[in-house]
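What follows is the residue order along each chain.
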Amino acid sequence: MKRMIGHSLIGVALALMLAGPAAAADKVSDGVVKIGVLTDLSGIYSDLAGEGSVVAANMAVKDFGGTVLGKPIQVIKGDTQNSKADIAANIARKWYDDDHVDAIVGLVATNVALAGMEVGKQRHKITLVVGAASLPITDQKCEPWNVHWIYDTYSLAVGTGRALVEKGYKNWFFITANYQFGKSLQHDTTEVIDAGGGKVVGSVLAPFPTRDFSSFLLKAQSSGAQVIGLANAGSDTINAVKQAAEFGIMGSKQIVAPLLLFISDVHSLGLKTAQGMYLTTGFYWDRNKESREWSKRFFDTFSKHRMPTMVQAGVYSATLNYLRAVKAAGTDDSDAVMKQLKSMKISDPVIQKGHIRADGRLIHNMYLVQVKKPSESKYPWDYYKIVSTIPGDQAFLPANKSVCPLIKQPYHYGK
Amino acid sequence: MRISRKHVVFIILFLIGLTGPLFQSIVYPVFLMKIWCYALFACAFNLLLGYAGLLSFGHAAFLGSAAYFAGNLMMDYGSTWMTPEVAVIIATLWAALLGLVFGWLAIRRHGIYFAMVTLALAQFIYFLALQMPQFTHGEDGLQGVPRGMFLGLFNLAPDSHMYYFVYGVFVIGFWLTYRTIHSPFGQVLRAIRENEPRAVSLGYHVNRYKLLVFVISAALSGMAGATKTLVFQLASLSDVHWHASGEVVLMTLLGGMGTVWGPVVGAAFVVSLQNYLGVVGSWVTVVTGVIFVLCVLVFRRGIVGEIIEVTRRVRKGRQGADAGATPARSSSSP
Amino acid sequence: MAVFQWLGISPFGLMAQLLLGLINGSFYAILSLGLAIIFGLLNVINFTHGTLYMMGAYIAWVLLTHFGVNYWWALLLCPLIVGIIGMLIERFLLRRLYQLDHIYGLLLTFGLALVIEGLFINWFGVSGDNYDVPSQLSGGARLSFMYLPYYRIWVIAISLLVCFATWYVIERTRLGSYLRAATENPRLVQAFGINVPLMLTLTFGYGVALAALAGVLAAPVQAITPVMGANTIIVVFAVVVIGGMGSIMGAIVSGIVLGIIEGLTKVFYPVGSAVVIFVIMAIVLLLRPGGLFGRER
């Protein structure tokens with residue numbers, strides 16, 4: 001029954017659109033702005049995204065006021081069950097085609113993100129990717145209706161790689177997860193190291209997932225490298241760090257640099273093991289007053305009572321700015337909203353002084369942080385010292401290096 | 001040929017299937033297409049498990065590698081000369097070839113050892129998929145595979161067109177399994193399942209039969225995988241992962257192994273579960289597990305198997321009342 | 001020396017890698033031993049094994065963080081608790097399936113594994129928890145060729161001890177002979193006045209207790225996550241099959257040997273270490289259908 005009403009609403013909307021662009025422009029399709037949070041609710045990414053992403057999206061809606069252009073805002077959620085691209089594509093299609101979803105936010109793993117973007121592209125619908133890491137999302141695979149929030153492999157590589165090379169850590173050994181993500185992380189970091197006059201003395205491709213890294217760590221140890229770069233993620237990184245500590249690498253002359261580590265990972269590693277490591281993040285809850293206040297609210301709202309990861313914070317920012325763009329554009333029409341998003345300043349408790357480039361990359365400050373010693377940590381989740389702020393124009397792939405056609409020839413939204 | 005009640009049922013079900021896209025507002029067409037793909041996969045698997053008694057734990061290799069094959073063909077040549085039906089046929093042939101190799105290596109083993117050999121071979125295929133990113137694009141998978149023009153004439157991009165293509169593939173595949181089951185060949189398979197030494201002593205080249213059914217099963221699995229790629233326009237590592245092999249066991253068992261319709265019902269059930277349980281978030285694994293356990297403990301015959309059993313009991317009771325008992329039919333030929 | 005140069009590794013490096021392989025092998029041995037006992041005596045292919053291994057690690061973590069129970073007590077308590085859970089599973093679920101095909105036991109335990117894993121994901125999240133190496137075993141020995149953590153030495157020692165003690169009990173004692181007889185001819189053994197069903201329950205309990213023990217041993221060296229078992233179990237299956245299903249000695253020896261082979265693969269062809277055990281399994285099954293130490297049933 002509900003669906004039938006929905007369909008008649010489409011009918012009305014279609015009639016209005018046929019009546020002329022002017023009539024459509026100040027309308028919200030189907031009388032509701034619907035945001036779909038498509039994320040991993042049950043699998044290995046559910047701590048760094050999961051329910052916390054849904055909470056963040058709902059917070060954004062609430063902070064925005066619950067309505068836009070006089071119409072209600074609705075958030076629905078979908079589970080990609082780890083990172084199953086076909087399930088993600090199926091949900092995305094259904095949401096756009098049947099459920100009148102206006103924008104999808106989330107999309108944690110790269111395969112899921114690419115699948116969602118493909119569906120969005122065919123329908124000229126908006127995807128806001130927060131969580132997937134691969135650079136191609138805004139490079140080779142870029143498309144006009146997508147924005148990539150918070151971080152990507154390039155920014156991680158630049159953040160940690162450049163900073164460490166500048167500190168004199170020039171010789172690197174990589175332990176890389178044997179999949180595209182790991183390889184591209186290693187590739188991007190290697191470029192930065194080479195550019196800074198450093199050298200990669202060796203690398204090993206470890207199967208994903210790996211339970212025991214000791215054999216690879218031993219290789220790294222005997223390579224004489226100053227830095228062991230971990231181009232992996234999740235429990236692989238945690239295992240590698242833990243075993244590096246066990247084998248006496250942590251705290252020796254050699255340092256371990258995990259290229260992607262979320263605050264949830266540090267939380268599970270514990271400061272005793274993780275102390276002293278450098279890492280790059282797009283958001284840290286305790287950075288300033290605004291982020292602190294917002295994060296504490298998130299902590300209280302979220303039933304699991306955890307501080308937001310950069311992905312969850314990114315979902316908040318993406319949702320909030322999407323709604324702002326809808327309001328400013330006066331419609332939820334994808335083209336108008338994208339045009340607005342790419343022309344406005346992005347500023348909220350999560351992102352400061354950000355803007356969205358023609359290829360869909362959100363350009364904003366990234367932070368190089370160091371994990372605190374247990375003695376330096378004063379209160380729960382007091383985990384990072386911010387070592388330096390990497391300005392947005394240095395943190396992300398420069399426009400002149402991008403192969404995305406949208407950089408040279410921005411898409412002309414609507415008329 | 002006499003038109004029996006069974007034929008009428010088939011025709012009616014076939015016609016109902018044809019009306020799929022008319023109910024777009026109730027059932028999402030891509031969801032239906034997914035069901036047809038997995039139903040075909042499960043039917044192919046059931047041919048092996050239910051009728052030949054061979055539990056393969058490596059069927060993901062056929063599903064997944066055929067998916068990559070079809071995907072690559074469409075992506076590389078889809079804009080020029082490749083048509084979807086040719087891609088599906090080539091991928092199916094590939095799966096048959098792979099099935100020949102797997103089968104040749106595995107059929108000499110029995111029971112759990114057979115399952116383990118197939119698992120090992122499938123793990124090797126998974127490994128190759130990881131190691132050949134130029135062919136599989138690693139964990140990103142093949143994305144944006146074009147659906148192409150059927151016979152070079154009909155554009156399959158709209159879901160309603162695609163639906164008939166998928167439905168056609170399913171009907172052909174289903175018909176093939178049905179013919180296989182009800183042929184003398186199928187009879188021999190059942191004999192082998194029930195008592196292999198006796199089949200040998202009757203002079204059947206048991207291994208040849210097993211190999212042939214393995215190849216048919218692999219080919220049809222590949223056909224399902226290739227079609228699935230066209231539906232979702234992607235092929236990914238999860239199709240070659242051993243979880244996919246486990247999933248098809250679940251579908252077949254849940255629906256009723258050794259029954260014609262069991263795998264179809266099982267596939268529909270599992271796919272719906274995945275689709276609609278998405279809402280329960282992290283509980284999806286628990287619910288799936290509980291269903292699995294209940295199925296093994298309580299509904300060992302599966303949904304269709306239990307229905308057949310009940311109707312037989314009812315019929316037997318009635319017949320017993322008026323004419324005395326007739327020999328019970330084998331549960332494997334409903 | 002030239003050989004080592006050609007291999008691209010120093011003899012010391014190779015020795016260190018062999019030692020690491022041995023450590024992993026002892027994990028495999030203790031896990032595959034439990035599986036082999038259960039298969040050998042109950043004819044059940046226990047898919048929950050990996051999940052119960054994970055449970056062992058989590059119970060150790062919960063005991064430590066919520067009840068202040070230290071590692072040494074956990075080493076005793078976790079196998080006990082998991083063993084009891086295992087016995088309940090055997091008594092109330094598995095027992096109904098003994099007269100059926102092996103496949104049903106496999107499917108039931110597969111379903112159970114999903115349930116337990118799902119519950120743990122809900123309770124503990126997926127990013128994992130940290131368990132510190134007990135203070136008595138922290139630190140390590142600085143050998144000439146490597147830094148060897150004391151904890152790893154302890155793992156090898158206890159695993160081998162437990163494995164061979166188990167082997168001794170089953171193959172060389174009266175209790176073991178009852179067990180073996182019960183698998184051959186349960187009715188006859190029952191007629192001698194031995195409670196066979198109880199014996200099977202206890203056997204299952206012991207088998208999964210070994211998994212839990214492996215879990216506690218693993219807790220300090222890797223991230224404790226709900227999926228840690230699922231990733232391991234499928235490899236351990238292969239180990240058992242290579243050893244010969246149901247063969248106690250086969251499980252122990254092939255566990256250790258395959259740990260070492262996997263370790264060497266990590267040195268010479270790292271990406272292949274994920275698949276090497278399966279390749280070996282395929283080859284072994286094609287040449288010796290019953291596994292290295294077993295016979296095909």
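See the structure shown above.
Remember, it's a predicted structure, so these values are computed and weren't measured experimentally.

Calculation criteria
- Residues numbered from 1 in each chain as written.
- Chains lettered and ligands numbered in written order.
- Predicted model: local features only at pLDDT ≥ 70, side-chain atom pairs only at ≥ 80, totals over all residues.
- Contact = placed C-beta atoms within 7 Å.
- Helix = DSSP H or I, 4+ residues; strand = E, 2+ residues; numbered from the N terminus.
- Nonpolar A, V, L, I, M, F, W, Y, C, P; charged D, E, K, R; others polar.
- Buried ≥ 20, exposed ≤ 12 C-beta atoms within 10 Å, placed from the backbone.
- Pairing = 2+ DSSP bridges.
- Right-handed = clockwise from strand over helix to strand, strands pointing away.
- Expected span 1.5 Å × (residues − 1).
- Arc of directions from axis to C-beta.
- Axes fitted to C-alpha atoms, helices over the stretch in contact; angles between N-to-C directions.

Caption draft 1: Region of interest: the interface of chain B and chain A. On the side of chain A, 29 residues touch chain B, which itself brings 24 residues to the contact. If you list the elements that add at least two residues to the side of chain B that touches chain A, you get helix H2 (29-52) and helix H13 (284-297) of chain B. Counted by class, the side of chain B that touches chain A contains eight nonpolar, 13 polar and three charged residues.

Caption draft 2: Spotlight on the pairing of strand E7 (residues 171-177) of chain A. Residues and elements named next belong to chain A. Buried residues dominate E7, accounting for six of its seven residues. The pairing of E7 with strand E8 (residues 199-206) spans seven bridges and is parallel. Looking at the pairing, Trp-172 lines up with Val-200 of E8. In this fold, the crossover linking E7 to E8 by way of helix H7 (residues 180-195) has right-handed handedness. As judged from the five bridges shared by E7 and strand E9 (residues 227-231), these two strands associate in the parallel manner. Bridge pairing in E9 places Trp-172 opposite Val-227.

Caption draft 3: Broad picture of the interface of chain A and chain C. Taken residue by residue, the interface counts 32 residues in chain A and 32 residues in chain C. Those elements that place two or more of their residues in the side of chain A that touches chain C are E8, helix H8 (214-222), helix H9 (234-246) and helix H10 (263-269) of chain A. By residue number, the principal contributor to the side of chain A that touches chain C is H9(A), which donates six residues. In the side of chain A that touches chain C, the residues fall into twelve nonpolar, 14 polar and six charged.

Caption draft 4: Main features of helix H12 (residues 289-301) of chain A. Residues and elements named next belong to chain A. With 13 residues, H12 extends 18 Å between its outermost C-alpha atoms, agreeing within 8% with the 18 Å of an ideal straight helix rising 1.5 Å per residue. Restricting attention to buried positions, one finds in H12 the residues Ser-291, Trp-294, Ser-295 and Phe-298. Seen from one end, H12 has its buried residues packed into an arc of 100°, which puts them on one side. Turned more than 90 degrees from where H12 packs its buried face, Lys-289, Glu-293 and Asp-300 sit exposed. On its buried face, H12 is in contact with helix H3 (50-64).

Caption draft 5: Quick look at the sheet that holds strand E11 (residues 278-281) of chain A. All names here are of chain A. The strand order across the open sheet formed by three strands is E11-E14-E15, and the pairing between neighbours is antiparallel. In this open sheet, the two strands that pair with only one neighbour each are E11 and strand E15 (384-390). Across the sheet, the mean angle separating the axes of adjacent strands is 30° when strand polarity is ignored. Two strands pair when backbone bridges link them, and strand E14 (residues 366-371) and E15 are joined in this way by six bridges, in the antiparallel orientation. Bridged to Gln-370 within E15 is Lys-385. Packed on one face of the sheet, helix H6 (residues 153-166) meets E11, E14 and E15 and runs near 145° to E11.

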